[in-house]
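Structural characterization, general
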Amino acid sequence: MLFHQGYNSARIKPILNYAQAKERYDKVVPIRGRDNVRPLGDKRRYCWVNIVKKTVSIESADHPLGQFAEVYSCAIYGRDIIDFYPSGDIVFHGESYRGVSVMNMVTYALSGLAQIGSMRGKWYFVNKKGQNFVIHDDKPTTFSLVDGDYQPSLNDKEYVYRLNRKEMNALRKQHKKFLDYACTALGMDDNLGEGDSDRLKKVREYLKLKGTELIPTFNWNHKPDFKGNRAIVIKALDDFNESGDLELAYNLMQLFAVSAGRYSYRTSQTYCSPRELKHYFDEFLKHHFRDKLFVKEEVEVGKAFHDSNKKYVLSEKYEQDKVSL
């Protein structure tokens, strides 16, 4: 999980505290002709990685309105990433910019204090005790020195969303009649043929759908009503369970198969296996019934994790924003 240290091209030396950050700033001679640009590393030609001094207002018990303090920052591409405060606190600006260059700079600048880890794109501050503390991507994260090691100044709790398998199996059982029909049909012939657009147009007209988009995907051209489309499909599935209308089942199968299937440029046709349809149908159910399918649980502080179910919960806001635009 820890970031692999690449070549330290800029020759960045570790900064252990505020005093060393100040010493580094005072020691470096600004590049001539630049607006007080001071390279962070010993190789001065890497001028986009620099150390800066800024004046900020901080809270103080003796000064109700706050007081000014000089802060030294490790910056890259004109964006401050790590701030060293006189109090000994370190502020990590994970919301500023993320990339390999930033990770490489932070890894060497903080190598004497901590390591930087990444769990599938989620950044963590790993202290000497091996504790993993999340670096927020939407706000600055402050780390304070506690018992000789750095920890978050605020007790930021993290949560993971667990799938309620009992509820999920109940939904699968509820729609087993349709799944058996669709999987049997695709098991006999997984070739859907040509003309996906014409096929989807007929399905949309038959089911009276506003669109065929069921699972949230970003689209520049229009604003799909994912939730409204899923509600119509759910009603159609319930109608099939009651009536057994095969024409209705066929149109529903076409809708799910085209969405879940894959296009072959060699044959210019679309294919969908029963396994692919089942997987897509599960995704469909997880997005539509997210409120009752996922349970929010608190995660132990200092432990790195990846929540693969978080996308289902977060997609609700994305769907609402898209519709309200």
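A short tour of the structure in this document, coming up. Since the structure is predicted, the reported quantities are computational estimates derived from the model, not experimental observations. (Residues numbered from 1 in each chain as written. Predicted model: local features only at pLDDT ≥ 70, side-chain atom pairs only at ≥ 80, totals over all residues. Heavy atoms only, no water.)

Here we take up the overall build of the chain. A tally of regular secondary structure across the chain gives ten helices and 14 strands. The C-alpha radius of gyration computed for the chain amounts to 27 Å, which surpasses the reference 20 Å derived for 325 residues by more than 25%, pointing to a less compact arrangement than a globule. With the C-alpha coordinates of the chain rotated into their principal frame, the extents come out at 80 × 45 × 35 Å. Residues classed as buried in the chain amount to 43% of the 325 residues present. Summarising the internal contacts of the chain: among those between residues at least 6 apart in sequence, 59% fall at separations of at least 24. Summed over all atoms, the accessible surface of the chain reaches about 18,600 Å², with 50% contributed by carbon and sulfur. Positive and negative charge centroids in the chain, built from 51 and 43 side chains respectively, lie 5 Å apart. (Helix = DSSP H or I, 4+ residues; strand = E, 2+ residues; numbered from the N terminus. Rg over C-alpha atoms; globule rule 2.2 N^0.38 Å. Buried < 20%, exposed > 50% of the residue type's maximum accessible area, 1.4 Å probe, protein only. Contact = heavy atoms within 4.5 Å. Areas by Shrake-Rupley, 256 points an atom, 1.4 Å probe, with all protein chains shown as cover. Lys, Arg positive; Asp, Glu negative; His and termini not counted. Charge placed at Lys NZ, Arg CZ, Asp CG, Glu CD.)

Now for the side chain of Arg38. As for its position among the elements, Arg38 is in the loop between helix 1 (18-27) and strand 1 (49-58). The side chain of Arg38 is buried and forms no salt bridge, while Asp26, the nearest opposite charge, is found at 5.5 Å. Among the polar contacts listed, one links the side chain of Arg38 to the backbone oxygen of Val28, at a separation of 3.1 Å. Excluding anything up to four places from it in sequence, Arg38 contacts Tyr25, Asp26, Val28, Pro30, Asn50 and Ile51. (Salt bridge = Lys/Arg side-chain N within 4 Å of Asp/Glu carboxyl O. Polar contact = N/O pair within 3.5 Å; in protein donor to acceptor, adjacent residues only side chain to side chain.)

So, about the pattern of salt bridges. Per the stated rule, a full pass over the model turns up 14 salt bridges. A salt bridge links Lys54 to Asp80, with the nearest nitrogen and oxygen atoms 2.9 Å apart. Note that Lys54 is positioned in strand 1 and Asp80 in strand 3 (residues 79-84), a separation of 26 residues in sequence. Overall, the relative accessible area of 22% leaves Lys54 in the partly exposed class. Overall, the relative accessible area of 23% leaves Asp80 in the partly exposed class.

Here the focus is unusual backbone geometry. Leaving glycine aside, a negative phi is the common case for residues, and trans is the common case for peptide bonds. Despite not being glycine, Asn36 shows a phi value in the positive range, around 55 degrees. Along the polypeptide, Asn36 turns up in the loop between helix 1 and strand 1. Accessibility expressed as a relative area gives 35% for Asn36, which makes it partly exposed. The phi dihedral of Arg120 falls on the positive side, at around 50 degrees, and the residue is not glycine.

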